[in-house]
Each structure stands twice: as structure tokens, then as C-alpha cells.
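Here are the chains, one letter per residue:
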Amino acid sequence: MKSLGIGVIGLGAIGAKHVSMLKNLREANIVGVSDLNQDLVNKAIAGTDIAGFTDYRQLLAHPELEAVIVATPDHLHKDICIEAAQAGKHILVEKPIATTVADGEEMIAAAKAANVKLMVGFTLRFVPHYVQARELIQSGKLGKIISVYSRRMNIITQADRLGGRIGVLHFLGIHDFDLLHWLLGVEPDQVYTAESTSVAKRYPQENETFNTFKFKDGTLVCAQIGWNLTTAHPGGRDFKLTVIGDKGSLDIDLASQGLLMYSEFGSKFPSTAPGLDVEDKAFIDCVLDDKPVPATGEDGIIALKMVLAAIDSIEKDAPVKIK
Ligand SMILES: NC(=O)c1ccc[n+]([C@@H]2O[C@H](COP(=O)([O-])OP(=O)(O)OC[C@H]3O[C@@H](n4cnc5c(N)ncnc54)[C@H](O)[C@@H]3O)[C@@H](O)[C@H]2O)c1
């Protein structure tokens, strides 16, 4: 069986999850990992023969490394990805591709110049509920799509964990914005975003928003994006999607995920939906079989433009075209 020599750069919340997923994938040969924090490196490599580095350049120089997952904070994606491309490594970069369109475009150009694959980690494209929703929409069974409502909410501790490093639209909104573009198969045209101001913000960035998009075919979308659920919420997340077409409609509820657990510690909605493992496998398969990646750098740029236009819209209190 073919396997891919792969590494992970950034071993924080999501990087550590990638390492766990890769450890269970037979196609993945984890060559090495890197984080500035030696404790996180030690934790990831404990009991294995995976090499650990605090300098990612040493990982990039590893002779068996063929591909990397870049899971550092958003503003650090660009330089690491460009160096990885120049070292001839295929790249799966976490969302958002970068913090500016210019940075994202430089990353795409570097990957093209080095003839390596660049995939963006849009995990929702690999969650079975959304995959089925897309199949239904694209098959025409719902008819012409009229409107979509999507909701992605986290608990407030997520905002506290990130501590103002990034706002909710870069962190969560980008997931839904890419999802909407991918589900509808149409590009967004404009957005009007409003932000709640009823409660003082803990961090300067946007934190609770309604984003009203018009897509180029006239479809109307409202995406409610925030991270103000209290810690009492049994799932710590509330994800919903409703699609209305002229021949049918669909609803997805990924808050409860159909499972409610009761115990002496309280009640909880455990997460049951796969996603990250499927995403990592899809990336590895694309590299091994030399197939196009299912979420391209260009897709990353479109979603990023949607985020940046939404933030601009909050500042202007007016609809903004997405160019
Ligand atoms: N797909 C998803 O569902 C999902 C979920 C969470 C985060 N993310 C994305 O993943 C990225 C990381 O987010 P996070 O929440 O895991 O952040 P985090 O702060 O928990 O972890 C980032 C890690 O990167 C390390 N790092 C920073 N500079 C480095 C360098 N030069 N070399 C090696 N390591 C370095 C830090 O030490 C830290 O451990 C972000 O882009 C975020 O948007 C995606």
C-alpha cells in the first residue's frame, strides 16, 4: 500500500487533532512534527518514532518528508507555506488561507511555481451531512434554490482561547462562507453584515454577526456567525443549515447530532460527525494519486474575500460588493 511522508507544523488545538487523525490513517507516514512549544512537540511524538522539531525549517529539510499540514495561526500561514512549496512539499493549509488576499495569492503562485499541491482545510466539505446536502442541491431535486440560512455558533471560551487574535468571521464565518459557495456552485456577489452591539465586546474584532449575501444567481443567504453561547450549552457548538428551493427544502441540525448524553456531570451533545479525518485522507489520496485537490487555494481566496467584505460592510454599515 502506498503511503505519504507527512508532517504537521503547529501543534495547537487543531494541529494536535491532525496528528491524532494521521496516526490512524494507514496512508500517512508521519515523518515529523514542529511547534515552537517543546512540550507540545513532546506530547505529539511520545511513544512513537516521529521526529520533533521546534524549528519548522528542520522538518522541511527531512529527506522523507513529502507533504505538510500547516496549522499555525492565520497570519503565519504565508511564509511557512511558501517555504514548504519552495522545498517541494505538498501543502494542506488550515483555513483561512491567509489574512490578506495578496498573501493568499503569493502562496498559490509559490505552489504553482514549485508544482506542488495546495489544499485549504475547509473541513465542512468532508462532513457527510453537507456532502449529501450538496448532492441534493446539485441534482436539482430541490429545484431552483431561493434562499439559505446557516448558523455557526461556538461557546464564548473559544473567543477567550483566541484572545482577540482573530475575529469570529475569520475563525468560524469562513467555514460557512466556503460551504455556501461550494453548496450553491455559484459565486457570491455582495454582502451586508450587521454586528450586535447590545453587550460590550470582550475583544476588538467582530464577535456576533448576521451576514446577508446575494449570490450571482440571485440566491439570498443569511449566515448567523458568533461565539457567544454560554458554557452551559450542552454541545459547545450550534451548527444549522436550511436550504429552500422551489421544489423542496432541507434542514441540517449539527447541534444535537442526534445524540444526547446524560450523566452525573450534566447533559452533553457529543460530536458524532466525521470531517477532519476524511479531509486529511482526501489530501493524502490526492497527492498519492496525483488528483486535483477538493478545496483549492482559489476557493480559499473566494472565502477570504467574503470575510473581508463582511468586515468592510460592518465598518461602512452598507452592502459591499465581493470582487
Ligand atoms: N478546520 C478547523 O475546524 C479549525 C479549527 C481550529 C483552528 N483552525 C485553524 O487552524 C489554525 C491554528 O488554529 P489553532 O486554534 O489550532 O491555534 P493554536 O493557537 O491553538 O495553535 C497554533 C500553534 O502554532 C504554533 N506555532 C506558531 N508559530 C509557529 C512556527 N513558526 N512553527 C511551528 N509552530 C508554530 C503555536 O506554538 C501553537 O501551538 C488557524 O489558522 C485556525 O483558523 C481550523
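In this text, all values refer to a predicted model and were calculated from it rather than measured experimentally.

Right, let's get into the sheet that holds strand β6 (residues 118-121). Taken together, the six strands give an open sheet; going across it, the order is β3-β2-β1-β4-β5-β6, and neighbouring strands pair in parallel fashion. Lying at the two open borders of the sheet, with one neighbouring strand each, are β3 (51-53) and β6. Adjacent strand axes in the sheet meet at a mean angle of 20°, parallel and antiparallel pairs treated alike. Sheet topology places strand β4 (residues 67-70) next to strand β5 (residues 90-94); four bridges connect them, and they run parallel. The partner of V70 across the bridge, within β5, is V93. Sheet contacts for helix α9 (residues 276-289): β1 (4-9), β2 (28-34), β4, β5 and β6; angle to β1, the most-contacted strand, approximately 135°.

It is worth spelling out helix α2 (residues 38-45) at this point. For α2, the set of buried residues is L40, V41 and A44. Mapping the buried residues of α2 onto a view down its axis gives an arc of 100°, with all of them on the same face. Exposed residues lying more than 90 degrees from the buried face of α2 are Q38, D39 and N42. Tucked inside the fold, the buried residues of α2 contact α1 (13-23), β2 and β3. Positive phi appears at G47, one or two residues downstream of α2, with a value of about 75°.

Let us now look at the sheet that holds strand β9 (residues 208-215). Ordered in space as β12-β11-β7-β10-β9-β8-β15, the seven strands form an open sheet in which the pairing is mixed. Edge positions in the sheet fall to β12 (249-253) and β15 (320-321), since each of these pairs with one other strand and no more. Strand direction decides the pairing type here: strand β7 (residues 145-155) and strand β11 (residues 237-245), joined by nine bridges, are antiparallel. Bridge assignment links R152 to a residue of β11, and that residue is F239. This element, helix α6 (residues 128-139), spans β7, β11 and β12 of the sheet and lies at about 175° to β12. Against the sheet, helix α10 (residues 297-316) engages β8 (188-195), β9 and β15, with an angle of about 45° to β8.

Analysis parameters
Residues numbered from 1 in each chain as written. Predicted model: local features only at pLDDT ≥ 70, side-chain atom pairs only at ≥ 80, totals over all residues. Pairing = 2+ DSSP bridges. Helix = DSSP H or I, 4+ residues; strand = E, 2+ residues; numbered from the N terminus. Axes fitted to C-alpha atoms, helices over the stretch in contact; angles between N-to-C directions. Contact = placed C-beta atoms within 7 Å. Buried ≥ 20, exposed ≤ 12 C-beta atoms within 10 Å, placed from the backbone. Arc of directions from axis to C-beta.

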